[in-house]
Amino acid sequence: MTLEEVRGLIPEPARDIKLNLQAVLAESSLSQAQRWGVAVASAIASRNPTLRRAIVASARREVEAVVIDDAVAAAALMGMNNVYYRFRHLVGKAAYSERPARLRMNRMVKPAGTQVDFELYSLAVSAINGCGTCLEAHERVVTAGGLTEDQVHDAVRIAATVHAAAVALDLAEDERTAA
Amino acid sequence: MLTVGDQFPAFDLKAVVGLEKDHEFRRVTSNEYPGQWKVVFFWPKDFTFVCPTEIAEFGRRNGDFKDRDAQVLGVSIDTEYVHLAWRKDHPDLKNLPFPMLSDVKRELSTALGVLHREEGVALRATFIVDPQNVIRYVDVTDLNVGRSVDEVVRVLDALQTDELCPCNWKKGEKTLEAA
């Protein structure tokens, strides 16, 4: 299914999301690679298979394969790190933060594309998974790496909208099953 | 004997790489695995009892080493022809997925300091060498003690695992630098 067809599945009460999805993926302060990398990572983190497949397919037409590889890596690694570091900062006991995590995350510093774009995908996923320390840390790294606050803001707008589209599609799929 | 922190010596040795006719042998040099970790392990003599068990175990776990960007190299002071004969003779060694190196001039085992003083054969030594060619782990036992491949994988994991995510950022620290 194309992304356009998937947008058509979003139910009428969620029309705002349908329109936002079109808007955030069109022109923005982000490069084409950043925009689609953020969209793919966000779609994976948002876990609706229909939306994920459509966004990955669109991304394949728009950007090089390394962007998608990095987005997949960021979504997978942050799927782990958001849970782990959120545990550390929510519990807030030195006993845990002093222990080594003993979790591999080597791809964090060996992205196929640029480091700062990889961090931006990680930031978008952290916004969806809801880890405060991770958001602060990745925001610091991407702005230190030269991205503007407008770019960070546009990335998070994509993350928020893709997540909402996944929620709306889950609902639409439930309704179709019930019918 | 060389130890942790030392450069692993350069080598250029004949090796058995398979049983296919006319493709049994090739030279293996220290330069041919750029960017890879190396796990170099020695055994005293071909056709002895403890050896095939642990060599076969390194073979069975080769995928685990590949997953960790590590090349396994097995070495003894036997000639490449003896290696080949042993591989043809022993069912567990037939499909060995890594090269068996012949240090017949004892140059590598002498440079490393792993020759048994009376027997003149290599001790059961295991070296983990990082992509910068620095020895990061050494383990040597007397001639008839077998070793645990699980332990080598565990050490490799520990050496490769660092908390590289900016999520691990602690207040007051500088931004993590990409390695």
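Residues numbered from 1 in each chain as written. Chains lettered and ligands numbered in written order. Predicted model: local features only at pLDDT ≥ 70, side-chain atom pairs only at ≥ 80, totals over all residues. Heavy atoms only, no water.

Visitor: Mind laying out the overall build of chain A, listing which residues take part and the relevant values?
Guide: Helices and strands together make up the secondary structure of chain A, namely nine helices and zero strands. Seen in sequence order, chain A has helices and strands lined up from the N terminus as α-α-α-α-α-α-α-α-α. For a compact globule of 179 residues, the expected C-alpha radius of gyration is about 16 Å, and chain A comes in at 17 Å, within 12% of that figure. The principal-axis extent of the C-alpha atoms belonging to chain A is close to 50 × 35 × 25 Å. A buried classification covers 47% of the 179 residues belonging to chain A. The contacts of chain A with a sequence gap of at least 6 include a subset with a gap of at least 24, amounting to 71%. Put simply, chain A shows about 8600 Å² of open surface, and 54% of that area lies on carbon and sulfur atoms. For chain A, the distance from the average site of its 20 positive side-chain charges to the average site of its 21 negative ones is 9 Å. (Helix = DSSP H or I, 4+ residues; strand = E, 2+ residues; numbered from the N terminus. Rg over C-alpha atoms; globule rule 2.2 N^0.38 Å. Buried < 20%, exposed > 50% of the residue type's maximum accessible area, 1.4 Å probe, protein only. Contact = heavy atoms within 4.5 Å. Areas by Shrake-Rupley, 256 points an atom, 1.4 Å probe, with all protein chains shown as cover. Lys, Arg positive; Asp, Glu negative; His and termini not counted. Charge placed at Lys NZ, Arg CZ, Asp CG, Glu CD.)

Visitor: Run through the interface of chain A and chain B, naming residues and quoting values.
Guide: Residue-level contacts link 24 residues of chain A with 17 residues of chain B. For the pair chain A and chain B, the two sides together bury roughly 1600 Å², of which 61% comes from carbon and sulfur. Contact with chain B buries surface across chain A, with R104, V109 and R140 of chain A losing the most and accounting together for 35% of the total. Seen at the junction of chain A and chain B, the total is two salt bridges. Taking the shortest distance from any N to any O, the salt bridge between R104 of chain A and D157 of chain B comes out at 2.4 Å. Summed over the shared surface of chain A and chain B, the number is seven residue pairs in polar contact (both at pLDDT 80 or more). If you list the elements that add at least two residues to the side of chain A that touches chain B, you get α5 (65-91), α7 (115-129) and α8 (132-144) of chain A. For the side of chain A that touches chain B, the element with the most residues is α8 of chain A, which contributes six residues. A class-by-class count of the residues in the side of chain A that touches chain B yields 12 nonpolar, five polar and seven charged. (Buried area = accessible area lost by both parts, 1.4 Å probe. Salt bridge = Lys/Arg side-chain N within 4 Å of Asp/Glu carboxyl O. Polar contact = N/O pair within 3.5 Å; in protein donor to acceptor, adjacent residues only side chain to side chain. Nonpolar A, V, L, I, M, F, W, Y, C, P; charged D, E, K, R; others polar.)

Visitor: I'd love a proper account of the side chain of S126 of chain A, names of residues and values included.
Guide: Residues and elements named next belong to chain A. Secondary-structure assignment places S126 in helix α7. Looking at S126, the relative accessible area reads 0%, which means it is buried. Leaving out residues up to four positions away in the same chain, S126 has contacts with M78, N82, C131, C134, L135 and H138.

Visitor: Could you give an account of the pattern of salt bridges, naming the residues involved and the relevant values?
Guide: Taken as a whole and judged by the stated rule, the model has 18 salt bridges over all chains. The partner of R26 of chain B in a salt bridge is E32 of chain B, with the nearest N and O atoms 2.8 Å apart. Assessed through its relative accessible area of 28%, E32 of chain B is described here as partly exposed. One continuous salt-bridge network, built from bridges that share partners, spans R104 of chain A together with R68 and D157 of chain B.

Visitor: Tell me about the nonpolar core, and please be specific about residues and values.
Guide: Of all hydrophobic cores here, the largest spans 60 residues; its most connected members are L51 and I55 of chain A. Those elements giving two or more residues to this core turn out to be α1 (3-9), α2 (15-25), α3 (32-46), α4 (49-62), α5, α7, α8 and α9 (149-178) of chain A. (Core = buried A, V, L, I, M, F, W, Y, C linked by side-chain atoms within 4.5 Å.)

Visitor: So what's going on with the sheet that holds strand β2 (residues 25-29) of chain B? Which residues, and what values?
Guide: Residue and element names in this part refer to chain B. Pairing is mixed in the open sheet, where seven strands are placed in the order β2-β1-β5-β4-β3-β6-β7. Strand pairing shows two members of the sheet lacking a second neighbour, β2 and β7 (135-141), which therefore form its edges. Within this sheet the neighbouring strands show an average axis-to-axis angle of 30°, counted without direction. Of the pairings in the sheet, the one linking strand β3 (residues 37-42) to strand β4 (residues 70-76) comprises six bridges and is parallel in character. (Pairing = 2+ DSSP bridges. Axes fitted to C-alpha atoms, helices over the stretch in contact; angles between N-to-C directions.)

Visitor: An account of the layout of surface pockets is needed here, citing residue identities and associated values.
Guide: Of the volumes computed, that of the largest pocket is approximately 500 Å³. The wall of the largest pocket is formed by 19 residues, among which N106 and K110 of chain A together with W37, Q160 and L164 of chain B lie closest to the centre. The class makeup of the residues in the lining of the largest pocket is six nonpolar, four polar and nine charged. Roughly 300 Å³ of volume is contained in the second largest pocket. In terms of lining residues, the second largest pocket is bounded by 15 residues, among which H89, S97 and T133 of chain A together with W169 and K170 of chain B are the most central. Only α5, α6 (94-97) and α8 of chain A provide two or more residues apiece to the lining of the second largest pocket. In terms of residue class, the lining of the second largest pocket is built from five nonpolar, five polar and five charged. (1 Å grid on protein atoms, 1.4 Å probe; cavity = no way out; pocket = protein on both sides within 12 Å on 5 of 7 lines; lining within 4 Å. Points joined across faces, edges and corners; volume = space filled by probe spheres on them.)

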